[in-house]
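If you want the building blocks of each chain, they are given just below.
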Amino acid sequence: MMFADAGLPGLRPATKRHRGKGPYRYLKLVNARVIDGTGAPPWGPADLVIEDGCITGLAKAGKTKPQNPHLTEDDFVVIDCTGKFLTPGFVDCHAHIGAPFHAKNGRQPSADYVYKLWLAHGVTTVRETGCFNGLAWTLEQKAAAEEHRIDAPRIMAYAPFPATTDYVKHIHTPDQARSWIEAVKQAGADGVKFFGAPPTIMKAALEACADAGLASCCHHAQLAVGRMNALQTAAWGLTSTEHSYGIPETLLEDQTLQAFPADYDYGDEYLRFSAAGQTFMQAAKPGSAKWQSVLTRFLEAGHTFVPTFNVYDANRDLMRTRRADWHERFTDPTLWAYFQPQRGGHGAYWYRWSTTNEIEWRETFRLWMQFVNDYKNMGGRIGVGSDSGFMYQTYGFGYVRELELLQEAGFSPLEVMRAATVGGAELLGVLEETGSLEIGKQADVLIHRTNPLTDFKLLYGTGAMRLNDETKAVDWDRSLETVIKAGSVYDPVELLQDVEEMVSAAREAA
């Protein structure tokens, strides 16, 4: 696949389970408050019945009956959820099982490290956007996760389209594009990740995806966006735009291309990312005729945005992101070394990051967030994606930060929850199987000690800092108590203990 062809190494795969119980054939969660993911407000108390990994009952407490009439109460493992809240498992629409770029800074953590951090933060489904470790590798891990042979979320594999100048480019004609799409479909891919391509090739590939029933997403790289922005690819059938690239280019009024600094060089990571913080400021203003027209055209195309705000969060406040509470205990040392300023490391451009850069990115966030929120308010779909493994964002923790940032953008907490569950499942084409707490769906369920809508900080693996008025000490409160993935039951505390031990061992070995 593309990254292996470029000589970039993959991760050690997960090979066995270390944690979790089950999958249980029969589970019953009783006396819970329910936030079902559809946008409905909390209700209850209710009982939720799980049989063979699927939800078979959901009703007021004491009113549910097993689907199998031969079952009795004694057949069920019962979890008392009195005073607690249930939500669907979270969907991460832009995830990477590690990244080959990290290898230049030392031994990469295993896939177990990544998976356990996701599960510990309630992520039960991920879209691997690019299959950095290869499509075959990813599909094997997907099968192992589905069969409960490893501790991992459900994995959707999106193969990278090899027409990218700065990695591997061996597709040069529309016919080659169509043949490649058919091949990855036959290999078992769930979709295709694009970075850009010549327009005739991109159009042919997107049409082939539609014909093959493959979803698609695109990081509209600066090397390609001048020939086709996100609005053009959306019109050709692209399923979702990742990050912000390609969006402000649709809003330009007084020019057709971004005005780059005179010394710009895409190969210089600092120049690449500092300039990316200026594009929205060159575009049409919120509420303008152009702004509204572009939003309408995206909506008519049925397009989805996966902003991944969190992975750019350090751009507007590097010190805060660099000193996050979890780095010391949960960030792998190779990952941490990769985050530091260095020449050539993707996203490691901090060697000259300035006050001006942060101010520009704060304004970019304001405009970008308004665009995303306006699109949501018009009825457009937004997916929650983390893109962790870059720019001081650690797996799992970055996902929770994305929830916070969507709320900052203007989403109500209930709208954030809907995007993180139903919205993600719909984007990935698995809404009939997961994404909401409804009868007939896979039992991907989170049990929270408190209402997670009151404060997303309570979802962090470290918890949120709170003063205990009785002891006068600081407590680190956390809401997520139990993660159920297709009937397997996980304790987030145990998963995080494993991660902490991995990090400690890696530091000793370094």
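The structure under discussion appears in the preceding block.
Draft legend 1. Summary view of the overall build of the protein. Along the backbone of the protein there are 16 helices and 18 strands. Whereas a compact globule of 510 residues would reach a radius of gyration of roughly 24 Å, the protein reaches 22 Å, a difference of no more than 12%. Residues classed as buried in the protein amount to 61% of the 510 residues present. Considering only intrachain contacts with a sequence separation of at least 6, the fraction spanning at least 24 residues in the protein is 76%. By element, 49% of the accessible surface of the protein is carried by carbon and sulfur atoms, the whole surface being about 19,000 Å². One way to put it: in the protein the 50 positive side-chain charges average out to a point 1 Å from where the 62 negative ones average out.

Draft legend 2. Empty space enclosed by the protein, seen in detail. Tallied over the entire structure, the rule returns 3 cavities of 30 Å³ or more. In this structure, the second largest cavity encloses a volume near 70 Å³. If you trace the second largest cavity, you find it lined by Gln222, Ser244, Tyr245, Pro248, Glu249, Gln258, Ala276, Thr279, Phe280 and Thr364. Across the lining of the second largest cavity, the residue classes break down as 4 nonpolar, 5 polar and 1 charged.

Draft legend 3. Broad picture of helix H2 (residues 111–120). Buried residues dominate H2, accounting for 10 of its 10 residues. Inspection of H2 places Ala111, Asp112, Tyr113, Val114, Tyr115, Lys116, Leu117, Trp118, Leu119 and Ala120 among the buried residues, and these make up the whole buried set. One or two residues past the end of H2 sits glycine 122, with phi positive at roughly 85°.

Draft legend 4. Structural detail: helix H16 (residues 492–509). The end-to-end C-alpha distance of H16 is 26 Å, a good match for the 26 Å that 18 residues give at a rise of 1.5 Å each. In this fold, the buried residues of H16 make contact with H2, helix H11 (327–330), helix H12 (333–339), strand S17 (480–485) and strand S18 (488–490). Where H16 begins, the side chain of aspartate 491 points an oxygen toward the backbone nitrogen of valine 493, at a separation of 2.9 Å.

Draft legend 5. Here's a closer look at the pattern of salt bridges. Taken as a whole and judged by the stated rule, the model has 30 salt bridges. In this structure, the salt-bridge partner of lysine 28 is glutamate 73, at a minimum N-O distance of 3.0 Å. Here the residue lysine 28 occupies a position in strand S1 (residues 26–34), and glutamate 73 occupies one in the loop between strand S3 (54–60) and strand S4 (77–80), the gap between them amounting to 45 residues. Residue lysine 203 is joined to glutamate 207 by a salt bridge in which the shortest nitrogen-to-oxygen separation is 2.6 Å. One end of the pair, lysine 203, and the other, glutamate 207, are both in helix H5 (residues 199–212), 4 residues apart, so they sit about a helical turn from each other.

Draft legend 6. Main features of the packing of aromatic side chains. Across all of its chains, the model carries 35 aromatic pairs by this definition. Aromatic ring contacts, followed pair by pair, group Tyr270, Phe273, Trp336, Phe339, Tyr349, Trp350, Trp353 and Tyr392 into a single cluster. Directly above the aromatic system of tyrosine 351 lies the positively charged group of arginine 343, at a separation of 4.0 Å from the ring centroid.

Draft legend 7. Here's a closer look at the layout of surface pockets. Here the largest pocket defines a volume of roughly 260 Å³. Lining the largest pocket we find 15 residues, and of these Arg107, Gln108, Asp332, Thr334 and Ala506 sit closest to its centre. Those elements that provide at least two residues to the lining of the largest pocket are H12 and H16.

Draft legend 8. Highlighting the pairing of strand S7 (residues 123–129). The buried fraction of S7 is high, at 7 of 7 residues. Relative to S7, strand S6 (residues 90–95) runs parallel, the two sharing 4 bridges. Paired with aspartate 92 across the bridge in S7 is valine 126. What joins S6 to S7 is H2, and the crossover it makes is right-handed. Two strands pair when backbone bridges link them, and S7 and strand S8 (residues 154–160) are joined in this way by 5 bridges, in the parallel orientation. Paired with glutamate 128 across the bridge in S8 is alanine 157.

Draft legend 9. Inspection of the nonpolar core at higher detail. Tyr115, Trp118, Phe298, Phe309, Tyr312 and Phe371 are the most contacted members of the largest nonpolar core, which totals 97 residues. Setting aside residues up to four positions removed in sequence, phenylalanine 298 forms contacts with Ala230, Leu231, Ala234, Thr250, His303, Phe305, Phe371 and Tyr375. Ile181, Val192, Cys209 and Leu238 belong to the second-largest nonpolar core, a separate cluster that totals 28 residues.

Reading the values: rules and limits
Residues numbered from 1 in each chain as written. Predicted model: local features only at pLDDT ≥ 70, side-chain atom pairs only at ≥ 80, totals over all residues. Heavy atoms only, no water. Helix = DSSP H or I, 4+ residues; strand = E, 2+ residues; numbered from the N terminus. Rg over C-alpha atoms; globule rule 2.2 N^0.38 Å. Buried < 20%, exposed > 50% of the residue type's maximum accessible area, 1.4 Å probe, protein only. Contact = heavy atoms within 4.5 Å. Areas by Shrake-Rupley, 256 points an atom, 1.4 Å probe, with all protein chains shown as cover. Lys, Arg positive; Asp, Glu negative; His and termini not counted. Charge placed at Lys NZ, Arg CZ, Asp CG, Glu CD. 1 Å grid on protein atoms, 1.4 Å probe; cavity = no way out; pocket = protein on both sides within 12 Å on 5 of 7 lines; lining within 4 Å. Points joined across faces, edges and corners; volume = space filled by probe spheres on them. Nonpolar A, V, L, I, M, F, W, Y, C, P; charged D, E, K, R; others polar. Expected span 1.5 Å × (residues − 1). Polar contact = N/O pair within 3.5 Å; in protein donor to acceptor, adjacent residues only side chain to side chain. Salt bridge = Lys/Arg side-chain N within 4 Å of Asp/Glu carboxyl O. Phe/Tyr/Trp six-rings, centres within 6.5 Å; stacked < 30°, edge-to-face > 60°. Lys NZ or Arg CZ within 6 Å of the ring centre and 35° of its normal. Pairing = 2+ DSSP bridges. Right-handed = clockwise from strand over helix to strand, strands pointing away. Core = buried A, V, L, I, M, F, W, Y, C linked by side-chain atoms within 4.5 Å.

Honestly, it's all geometry; don't read function into it.
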